[in-house]
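Commentary on secondary and tertiary structure
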Amino acid sequence: MIVIIDYEVGNLTSIKKMLKKVGCADALISGKHEDIENASKLILPGVGHFDYGMDKLHSSGLVDLLNKKVLQEKIPILGICLGAQLLTRGSEEGSQKGLGWIAADTVKFDASKFDQNLKVPHMGWSEVSFKKHAPLFSDMPEESRFYFVHTYHIDCDNPEDIAVTAKYGYGFTAGFIKENIIGMQFHPEKSHKYGMQLLSNFIKNY
């Protein structure tokens, strides 16, 4: 059973609708301990401020259970947008510590490195480059495009954890994979056929 974690942050129904489109009709939106305990896969969505997300996650009482499911039982988890950032050690956006499941930090776009008059946040469609031969990217078109809305991006310590990159002013990590821990900065639930393929791969291949 796939559980979309409900900690009162993010648009959960759009993810559930997209999962249904790709054949996963039994995906469950839940913040209940028993549902997460019984999950075979987890999705951690999220939009908004990093500290707010961590505060809501802590107030949900789920952090210890999620640590057990992901770090000990090694069930697959997919973090989306803010949900991916929460898997890092922390963010320049706030002072809260992240979950720290990946050796990475969340940093603000450095507009001083832009070679053109770009605005932050990065909002809209961008092509991505896949850096790993991973089951998550099976049958993905070479010129895949995803929908982004973000001011901060993830900076991984270990290049081998970087799974996908994109460019906005400069190249940045758009997604990481470390064993069962997956984070994508873009929104697959808003990315039409590309997002459908990625979510289908997550369902079938993990």
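Conventions used here
Residues numbered from 1 in each chain as written. Predicted model: local features only at pLDDT ≥ 70, side-chain atom pairs only at ≥ 80, totals over all residues. Heavy atoms only, no water. UniProt positions renumbered as here; feature names shortened; annotations may be inferred. Salt bridge = Lys/Arg side-chain N within 4 Å of Asp/Glu carboxyl O. Helix = DSSP H or I, 4+ residues; strand = E, 2+ residues; numbered from the N terminus. Buried < 20%, exposed > 50% of the residue type's maximum accessible area, 1.4 Å probe, protein only. Contact = heavy atoms within 4.5 Å. Arc of directions from axis to C-beta. 1 Å grid on protein atoms, 1.4 Å probe; cavity = no way out; pocket = protein on both sides within 12 Å on 5 of 7 lines; lining within 4 Å. Polar contact = N/O pair within 3.5 Å; in protein donor to acceptor, adjacent residues only side chain to side chain.

The protein goes by Imidazole glycerol phosphate synthase subunit HisH in an unreviewed UniProt entry, where it is assigned to Aequorivita lipolytica. You can read under Subcellular location (unreviewed entry) in the UniProt record for the protein the words "Cytoplasm". As its UniProt record puts it under Subunit (unreviewed entry), the protein is described as follows: "Heterodimer of HisH and HisF."

Counted according to the given criterion, the structure contains 7 salt bridges. Lysine 56 is the salt-bridge partner of glutamate 8, the closest N and O atoms lying 2.7 Å from each other. One end of the pair, glutamate 8, is in the loop between strand 1 (2-5) and helix 1 (12-21); the other, lysine 56, is in helix 3 (residues 50-59), and 48 residues separate them in sequence. The class for glutamate 8 is exposed, based on a relative accessible area of 57%. Close ionic contact of lysine 74 with glutamate 179 constitutes a salt bridge, the shortest N to O distance being 3.3 Å. Note that lysine 74 is positioned in the loop between helix 4 (63-72) and strand 4 (77-80) and glutamate 179 in the loop between strand 10 (170-178) and strand 11 (181-184), a separation of 105 residues in sequence. What makes glutamate 179 exposed here is its relative accessible area of 57%.

With that out of the way, let us pick up the environment of glycine 31. Within the element layout of this structure, glycine 31 appears in the loop between strand 2 (28-30) and helix 2 (33-37). For the pair glycine 31 and aspartate 6, spaced 25 residues apart in sequence, the C-alpha to C-alpha distance is 4.6 Å. Sequence-distant contacts of glycine 31, that is, excluding residues within four places in its chain, are made with Asp6, Ile36 and Leu62.

On to helix 1, then. The complete set of buried residues in helix 1 reads Leu12, Ser14, Ile15, Met18 and Leu19. An end-on view of helix 1 places all buried positions within 165 degrees of arc, on one side of the element. Along helix 1, the residues that are exposed and aim more than 90 degrees away from the buried face are Lys17, Lys20 and Lys21. Residues of helix 1 that are buried sit in contact with strand 1, strand 2, strand 3 (41-44), strand 4 and helix 6 (192-205). Two residues or fewer after helix 1 comes glycine 23, characterised by a positive phi angle close to 100 degrees.

UniProt tags Cys81, His187 and Glu189 as "active site" (unreviewed entry). Spatially, the listed residues are clustered: although they cover 109 residues, their C-alpha atoms lie within 10.8 Å of one another. Lining the largest pocket, out of the annotated residues just given, are Cys81 and His187. With respect to the helices and strands, the residue histidine 187 is situated in the loop between strand 11 and helix 6. For histidine 187, a relative accessible area of 4% corresponds to the buried category. With residues near it in sequence (within four places) discarded, histidine 187 still touches Val47, Ile80, Cys81, Tyr147 and Val149. Inspection of the secondary structure puts glutamate 189 in the loop between strand 11 and helix 6. Leave out the neighbours within four places in its chain, and glutamate 189 touches Ser14, Ile15, Met18 and Ile80. In this structure the side chain of glutamate 189 is engaged in a polar contact, spanning 2.8 Å, whose partner is the side chain of histidine 187.

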